[in-house]
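Topology and contacts: notes
Read off the chains here:
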Amino acid sequence: MKKQFTTLISSLSGALILFSGVLPQLDNKAQAYPIYAQQAYANPREANGRIACANCHLAQKPVMIESPGSVLPDKVFEAVVKIPYDVNKKQVLGNGEKGPLNVGAVVILPEGFKLAPPSRISSEVKAKNKGVYISPYSSKAENILVVGPILGDKNREITFPVLAPDPATSNVKFLKYPIYVGANRGRGQINPNGEKTNNNVILSSVAGQVTAVNENSNGSYDISIKGGDGSITDQKVPKGLTVNVKPGQFVNKEALLTNDPNVGGFGQSETEIVLQNSGRIVGYLLFCLAILLCQIFLVIKKKQFEKVQAVEMNF
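Computed from a predicted model, the values in this text were never measured in an experiment.

Attention now moves to the overall build of the protein. Of the regular secondary structure elements, the protein holds 4 helices and 16 strands. Considering the protein as a whole, with its 315 residues, one finds that 41% of them fall into the buried category. Across the protein, every contact between residues at least 6 apart in sequence was considered, and the portion connecting residues at least 24 apart equals 71%.

Relative to strand E13 (residues 221-227), strand E12 (residues 208-215) runs antiparallel, the two sharing 7 bridges. Across the sheet, residue Glu215 finds its bridge partner in E13, namely Tyr221. Here E12 folds back onto E13 in antiparallel fashion, the turn holding 5 residues, of which Gly219 has a positive phi close to 95°. Across 2 bridges, E12 lies against strand E15 (residues 250-251) in antiparallel orientation. Each residue of the ladder has a partner; that of Gln209, found in E15, is Phe250.

Moving on to the packing of aromatic side chains. Note on aromatic pairs: each is described by the distance of the centres and the angle between the planes. Within the structure shown, the criterion is met by 2 aromatic pairs. When the centroid spacing of 6.2 Å and the interplanar angle of 75° are considered together, the rings of Phe77 and Phe113 count as edge-to-face. Taken together, the residues span a long stretch of sequence, with Phe77 in strand E3 (residues 76-82) and Phe113 in the loop between strand E6 (102-108) and strand E7 (114-115) at a distance of 36 residues. Its relative accessible area of 6% is what places Phe77 among the buried residues. Considering the side-chain rings of Phe113 and Tyr177, the 6.2 Å spacing of their centres and the 65° angle between planes classify their relative orientation as edge-to-face. Separated by 64 residues along the polypeptide, Phe113 in the loop between E6 and E7 and Tyr177 in strand E11 (residues 176-185) bring together distant segments of the chain. On the basis of relative accessibility, which here comes to 1%, the residue Phe113 falls in the buried class. One aromatic cluster is present, formed by Phe77, Phe113 and Tyr177 through successive ring pairs. Stacked on the ring of Tyr180, the Lys or Arg Arg45 has its end atom at 3.7 Å from the ring centre.

Before going further, it helps to spend a moment on the sheet that holds E7. Taken together, the 4 strands give an open sheet; going across it, the order is E1-E3-E10-E7, and neighbouring strands pair in antiparallel fashion. Strands with a single pairing partner mark the edges of an open sheet, and in this sheet they are strand E1 (64-66) and E7. Relative to strand E10 (residues 157-163), E3 runs antiparallel, the two being bridged by 7 bridges. Note on E10: the bridge partner recorded for Lys82 is Glu157.

It is worth spelling out the sheet that holds E13 at this point. Pairing is antiparallel in the open sheet, where 4 strands are placed in the order E14-E13-E12-E15. At either end of the open sheet lies a strand with only one pairing partner, and these are strand E14 (232-237) and E15.

Right, let's talk about the side chain of Asn262 for a bit. Structurally, Asn262 is set in the loop between E15 and strand E16 (265-275). You can call Asn262 buried: its relative accessible area is 16%. Dropping the residues within four chain positions of it, Asn262 is found in contact with Ala59, Arg187, Gln189 and Asn199.

Calculation notes
Residues numbered from 1 in each chain as written. Predicted model: local features only at pLDDT ≥ 70, side-chain atom pairs only at ≥ 80, totals over all residues. Heavy atoms only, no water. Helix = DSSP H or I, 4+ residues; strand = E, 2+ residues; numbered from the N terminus. Buried < 20%, exposed > 50% of the residue type's maximum accessible area, 1.4 Å probe, protein only. Contact = heavy atoms within 4.5 Å. Pairing = 2+ DSSP bridges. Phe/Tyr/Trp six-rings, centres within 6.5 Å; stacked < 30°, edge-to-face > 60°. Lys NZ or Arg CZ within 6 Å of the ring centre and 35° of its normal.

Here it is as C-alpha coordinates:
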(Lines give C-alpha, C1' and ligand atoms only; values in the text may rest on other atoms or scores of the structure.)
Protein backbone atom coordinates (compact mmCIF):
# COMPACT_ATOMS: atom_id res chain seq x y z
CA MET A 1 0.00 0.00 0.00
CA LYS A 2 2.85 2.39 0.85
CA LYS A 3 4.53 1.69 -2.50
CA GLN A 4 1.28 2.33 -4.41
CA PHE A 5 0.71 5.60 -2.57
CA THR A 6 4.27 6.75 -3.35
CA THR A 7 3.82 5.91 -7.02
CA LEU A 8 0.53 7.82 -7.16
CA ILE A 9 2.04 10.94 -5.59
CA SER A 10 5.01 10.74 -7.96
CA SER A 11 2.76 10.39 -10.98
CA LEU A 12 0.53 13.32 -10.10
CA SER A 13 3.49 15.56 -9.31
CA GLY A 14 5.17 14.63 -12.56
CA ALA A 15 2.12 15.51 -14.61
CA LEU A 16 1.96 19.04 -13.23
CA ILE A 17 4.95 20.31 -15.14
CA LEU A 18 3.62 20.17 -18.69
CA PHE A 19 0.82 22.51 -17.80
CA SER A 20 2.34 24.68 -15.13
CA GLY A 21 1.20 27.62 -17.25
CA VAL A 22 -2.38 26.65 -16.48
CA LEU A 23 -1.55 26.79 -12.78
CA PRO A 24 -0.71 30.44 -12.08
CA GLN A 25 -0.15 29.69 -8.41
CA LEU A 26 -0.51 26.65 -6.22
CA ASP A 27 -4.08 27.54 -5.33
CA ASN A 28 -7.63 27.29 -6.69
CA LYS A 29 -7.69 30.60 -8.55
CA ALA A 30 -7.86 28.88 -11.94
CA GLN A 31 -8.95 25.57 -13.29
CA ALA A 32 -6.01 23.19 -13.64
CA TYR A 33 -5.29 19.98 -15.49
CA PRO A 34 -2.95 18.15 -13.10
CA ILE A 35 -3.23 14.70 -14.68
CA TYR A 36 -3.93 15.53 -18.32
CA ALA A 37 -0.29 15.33 -19.40
CA GLN A 38 0.17 11.74 -18.36
CA GLN A 39 -3.18 10.70 -19.74
CA ALA A 40 -2.44 12.22 -23.14
CA TYR A 41 1.29 11.60 -23.48
CA ALA A 42 3.09 8.44 -22.45
CA ASN A 43 6.21 10.28 -23.60
CA PRO A 44 6.19 14.10 -23.54
CA ARG A 45 8.62 14.24 -26.49
CA GLU A 46 6.67 13.86 -29.71
CA ALA A 47 7.88 12.05 -32.84
CA ASN A 48 8.88 15.33 -34.49
CA GLY A 49 11.13 16.19 -31.54
CA ARG A 50 8.83 18.80 -30.04
CA ILE A 51 8.12 18.53 -26.32
CA ALA A 52 4.42 18.59 -25.49
CA CYS A 53 4.67 21.76 -23.35
CA ALA A 54 4.91 23.73 -26.62
CA ASN A 55 1.27 22.85 -27.36
CA CYS A 56 0.11 25.23 -24.64
CA HIS A 57 3.04 27.63 -24.18
CA LEU A 58 3.14 29.24 -27.62
CA ALA A 59 5.83 31.90 -27.17
CA GLN A 60 9.42 30.84 -27.74
CA LYS A 61 11.98 31.55 -25.02
CA PRO A 62 15.54 30.33 -24.42
CA VAL A 63 16.53 27.48 -22.13
CA MET A 64 19.96 26.02 -21.41
CA ILE A 65 21.22 22.79 -19.90
CA GLU A 66 24.65 22.08 -18.46
CA SER A 67 25.84 18.53 -17.83
CA PRO A 68 29.17 16.70 -17.94
CA GLY A 69 30.39 15.41 -21.28
CA SER A 70 30.86 11.90 -19.88
CA VAL A 71 30.04 9.93 -16.76
CA LEU A 72 31.12 6.63 -15.28
CA PRO A 73 28.61 3.84 -14.54
CA ASP A 74 26.64 4.04 -11.30
CA LYS A 75 27.80 7.60 -10.63
CA VAL A 76 25.68 10.63 -9.74
CA PHE A 77 26.05 13.77 -11.83
CA GLU A 78 24.25 17.11 -12.03
CA ALA A 79 22.20 18.35 -14.97
CA VAL A 80 21.54 22.07 -14.45
CA VAL A 81 18.60 23.62 -16.33
CA LYS A 82 18.73 27.40 -16.69
CA ILE A 83 15.46 29.29 -17.30
CA PRO A 84 16.34 32.96 -17.82
CA TYR A 85 13.72 35.72 -17.64
CA ASP A 86 13.21 39.19 -16.19
CA VAL A 87 12.01 38.75 -12.60
CA ASN A 88 10.56 42.23 -12.62
CA LYS A 89 7.86 41.18 -15.09
CA LYS A 90 4.44 40.11 -13.81
CA GLN A 91 1.98 37.78 -15.49
CA VAL A 92 -1.81 37.76 -15.63
CA LEU A 93 -3.13 35.07 -13.32
CA GLY A 94 -6.26 33.02 -13.85
CA ASN A 95 -8.32 35.51 -11.83
CA GLY A 96 -7.01 38.53 -13.75
CA GLU A 97 -4.66 39.72 -11.03
CA LYS A 98 -0.95 40.29 -11.65
CA GLY A 99 1.56 37.96 -10.04
CA PRO A 100 5.08 36.52 -10.36
CA LEU A 101 5.94 34.01 -13.06
CA ASN A 102 6.10 30.33 -12.24
CA VAL A 103 8.53 27.94 -13.94
CA GLY A 104 8.72 24.26 -14.71
CA ALA A 105 11.02 21.89 -16.56
CA VAL A 106 11.12 18.40 -18.00
CA VAL A 107 14.39 16.55 -18.60
CA ILE A 108 14.29 13.49 -20.86
CA LEU A 109 17.26 11.28 -20.05
CA PRO A 110 18.47 8.20 -21.93
CA GLU A 111 16.99 4.85 -20.99
CA GLY A 112 18.51 3.57 -17.78
CA PHE A 113 19.32 7.00 -16.35
CA LYS A 114 17.10 8.08 -13.47
CA LEU A 115 16.72 10.42 -10.53
CA ALA A 116 19.42 9.80 -7.94
CA PRO A 117 18.13 8.39 -4.63
CA PRO A 118 18.31 10.77 -1.65
CA SER A 119 21.12 8.74 -0.05
CA ARG A 120 23.33 9.39 -3.12
CA ILE A 121 22.65 13.14 -3.36
CA SER A 122 25.25 15.47 -1.84
CA SER A 123 24.29 17.95 0.85
CA GLU A 124 25.27 20.79 -1.50
CA VAL A 125 22.71 19.70 -4.12
CA LYS A 126 20.08 19.18 -1.42
CA ALA A 127 20.64 22.76 -0.29
CA LYS A 128 20.25 24.03 -3.87
CA ASN A 129 17.00 22.12 -4.31
CA LYS A 130 15.45 23.06 -0.99
CA GLY A 131 11.72 23.43 -1.59
CA VAL A 132 11.98 21.99 -5.12
CA TYR A 133 10.36 18.59 -5.66
CA ILE A 134 11.72 16.64 -8.63
CA SER A 135 9.93 13.45 -9.59
CA PRO A 136 9.78 10.88 -12.41
CA TYR A 137 7.22 11.51 -15.14
CA SER A 138 5.59 8.16 -14.36
CA SER A 139 6.39 4.79 -12.84
CA LYS A 140 7.15 3.46 -16.34
CA ALA A 141 9.28 6.44 -17.40
CA GLU A 142 11.83 6.89 -14.64
CA ASN A 143 14.27 8.38 -17.13
CA ILE A 144 11.99 11.43 -17.59
CA LEU A 145 12.22 13.94 -14.74
CA VAL A 146 9.82 16.80 -14.10
CA VAL A 147 9.57 19.70 -11.71
CA GLY A 148 7.03 22.46 -11.23
CA PRO A 149 5.11 24.60 -11.14
CA ILE A 150 7.35 26.51 -8.74
CA LEU A 151 7.98 30.22 -8.25
CA GLY A 152 10.49 31.35 -10.82
CA ASP A 153 12.15 34.26 -9.04
CA LYS A 154 14.12 31.85 -6.85
CA ASN A 155 14.36 28.92 -9.25
CA ARG A 156 15.75 30.20 -12.53
CA GLU A 157 18.34 27.43 -12.22
CA ILE A 158 17.20 23.92 -11.31
CA THR A 159 19.69 21.17 -10.51
CA PHE A 160 18.66 17.63 -11.43
CA PRO A 161 20.73 14.95 -9.63
CA VAL A 162 20.95 12.01 -12.01
CA LEU A 163 22.18 8.47 -11.43
CA ALA A 164 23.94 6.86 -14.40
CA PRO A 165 23.15 3.19 -15.09
CA ASP A 166 25.58 0.32 -14.74
CA PRO A 167 25.86 -1.78 -17.93
CA ALA A 168 26.93 -4.74 -15.82
CA THR A 169 23.44 -4.94 -14.33
CA SER A 170 21.35 -3.56 -17.23
CA ASN A 171 21.01 -3.58 -21.00
CA VAL A 172 22.59 -0.13 -21.37
CA LYS A 173 25.68 0.12 -23.58
CA PHE A 174 28.76 2.30 -23.36
CA LEU A 175 27.67 4.87 -25.95
CA LYS A 176 26.95 8.56 -26.48
CA TYR A 177 23.37 9.48 -25.58
CA PRO A 178 21.23 12.62 -26.06
CA ILE A 179 19.57 14.53 -23.22
CA TYR A 180 16.52 16.65 -24.04
CA VAL A 181 15.18 19.46 -21.89
CA GLY A 182 12.10 21.66 -22.08
CA ALA A 183 11.31 24.52 -19.72
CA ASN A 184 8.62 27.16 -19.47
CA ARG A 185 8.19 30.34 -17.57
CA GLY A 186 4.75 31.83 -17.06
CA ARG A 187 1.29 30.57 -17.96
CA GLY A 188 0.25 29.04 -21.27
CA GLN A 189 -2.05 30.45 -23.92
CA ILE A 190 -4.00 27.25 -24.63
CA ASN A 191 -5.73 24.95 -22.17
CA PRO A 192 -5.40 21.19 -22.78
CA ASN A 193 -9.04 21.11 -23.92
CA GLY A 194 -8.23 23.57 -26.72
CA GLU A 195 -9.75 26.66 -25.11
CA LYS A 196 -7.75 29.87 -24.84
CA THR A 197 -6.65 31.16 -21.45
CA ASN A 198 -6.90 34.81 -20.43
CA ASN A 199 -3.17 35.08 -21.21
CA ASN A 200 -3.88 36.03 -24.84
CA VAL A 201 -4.24 39.21 -26.86
CA ILE A 202 -7.83 40.01 -27.91
CA LEU A 203 -8.38 40.54 -31.64
CA SER A 204 -11.27 42.26 -33.35
CA SER A 205 -13.68 39.75 -34.86
CA VAL A 206 -15.01 42.27 -37.40
CA ALA A 207 -13.90 45.40 -39.25
CA GLY A 208 -15.66 48.60 -38.28
CA GLN A 209 -15.82 51.52 -35.85
CA VAL A 210 -15.51 51.21 -32.07
CA THR A 211 -18.67 52.71 -30.62
CA ALA A 212 -18.15 52.01 -26.91
CA VAL A 213 -15.56 50.75 -24.43
CA ASN A 214 -17.26 49.99 -21.10
CA GLU A 215 -15.44 48.84 -17.99
CA ASN A 216 -17.36 46.44 -15.76
CA SER A 217 -17.30 46.31 -11.97
CA ASN A 218 -15.16 43.15 -12.00
CA GLY A 219 -12.40 44.82 -14.04
CA SER A 220 -13.35 43.33 -17.42
CA TYR A 221 -14.34 45.35 -20.48
CA ASP A 222 -17.09 45.25 -23.11
CA ILE A 223 -16.13 46.65 -26.52
CA SER A 224 -18.83 47.42 -29.11
CA ILE A 225 -17.86 47.57 -32.79
CA LYS A 226 -20.20 48.78 -35.53
CA GLY A 227 -19.62 46.88 -38.76
CA GLY A 228 -19.98 48.16 -42.31
CA ASP A 229 -23.51 46.73 -42.54
CA GLY A 230 -24.58 48.62 -39.42
CA SER A 231 -24.62 45.60 -37.10
CA ILE A 232 -23.10 45.89 -33.61
CA THR A 233 -20.66 43.28 -32.40
CA ASP A 234 -19.83 43.07 -28.71
CA GLN A 235 -16.51 41.66 -27.58
CA LYS A 236 -15.52 40.87 -24.01
CA VAL A 237 -12.06 41.59 -22.64
CA PRO A 238 -11.18 39.71 -19.44
CA LYS A 239 -9.75 41.39 -16.38
CA GLY A 240 -6.02 42.01 -16.42
CA LEU A 241 -5.69 43.13 -20.05
CA THR A 242 -5.19 46.72 -21.20
CA VAL A 243 -7.54 48.01 -23.90
CA ASN A 244 -5.73 49.77 -26.77
CA VAL A 245 -8.73 51.21 -28.66
CA LYS A 246 -11.04 54.15 -28.00
CA PRO A 247 -14.59 55.00 -29.05
CA GLY A 248 -14.69 56.41 -32.58
CA GLN A 249 -11.60 54.53 -33.69
CA PHE A 250 -11.79 52.42 -36.85
CA VAL A 251 -10.31 48.91 -36.66
CA ASN A 252 -9.68 46.17 -39.19
CA LYS A 253 -10.65 42.56 -38.72
CA GLU A 254 -8.20 40.79 -36.38
CA ALA A 255 -6.75 44.13 -35.26
CA LEU A 256 -5.34 44.26 -31.73
CA LEU A 257 -7.89 45.45 -29.21
CA THR A 258 -5.63 44.88 -26.19
CA ASN A 259 -2.00 44.54 -25.28
CA ASP A 260 -0.31 41.12 -25.33
CA PRO A 261 -0.31 40.00 -21.67
CA ASN A 262 2.03 37.06 -22.21
CA VAL A 263 5.47 37.66 -20.69
CA GLY A 264 6.53 34.01 -20.56
CA GLY A 265 7.12 31.22 -22.98
CA PHE A 266 8.61 27.80 -23.59
CA GLY A 267 11.96 26.65 -24.86
CA GLN A 268 13.74 23.38 -25.41
CA SER A 269 17.32 22.33 -25.92
CA GLU A 270 19.48 19.25 -25.91
CA THR A 271 22.97 18.05 -25.11
CA GLU A 272 24.91 14.79 -25.18
CA ILE A 273 26.58 12.64 -22.58
CA VAL A 274 28.87 9.64 -22.91
CA LEU A 275 28.48 6.65 -20.63
CA GLN A 276 32.16 5.98 -20.23
CA ASN A 277 33.81 2.62 -19.64
CA SER A 278 36.51 2.92 -16.98
CA GLY A 279 38.45 0.17 -18.75
CA ARG A 280 38.62 2.33 -21.86
CA ILE A 281 40.02 5.21 -19.85
CA VAL A 282 42.68 3.00 -18.30
CA GLY A 283 43.50 1.59 -21.72
CA TYR A 284 43.74 5.08 -23.21
CA LEU A 285 46.06 6.22 -20.42
CA LEU A 286 48.25 3.14 -20.90
CA PHE A 287 48.35 3.84 -24.65
CA CYS A 288 49.39 7.45 -24.01
CA LEU A 289 52.05 6.26 -21.54
CA ALA A 290 53.41 3.77 -24.09
CA ILE A 291 53.66 6.52 -26.73
CA LEU A 292 55.41 8.80 -24.23
CA LEU A 293 57.95 6.12 -23.30
CA CYS A 294 58.59 5.37 -26.99
CA GLN A 295 59.30 9.03 -27.64
CA ILE A 296 61.66 9.22 -24.68
CA PHE A 297 63.53 6.11 -25.79
CA LEU A 298 63.81 7.49 -29.34
CA VAL A 299 65.34 10.71 -28.01
CA ILE A 300 67.76 8.78 -25.82
CA LYS A 301 68.73 6.54 -28.72
CA LYS A 302 69.28 9.59 -30.93
CA LYS A 303 71.62 11.12 -28.36
CA GLN A 304 73.59 7.85 -28.15
CA PHE A 305 73.86 7.73 -31.95
CA GLU A 306 75.08 11.33 -32.06
CA LYS A 307 77.80 10.50 -29.50
CA VAL A 308 78.94 7.52 -31.55
CA GLN A 309 79.11 9.70 -34.67
CA ALA A 310 81.13 12.31 -32.83
CA VAL A 311 83.69 9.71 -31.64
CA GLU A 312 84.04 8.26 -35.18
CA MET A 313 84.62 11.71 -36.65
CA ASN A 314 87.48 12.33 -34.18
CA PHE A 315 89.24 9.25 -35.47
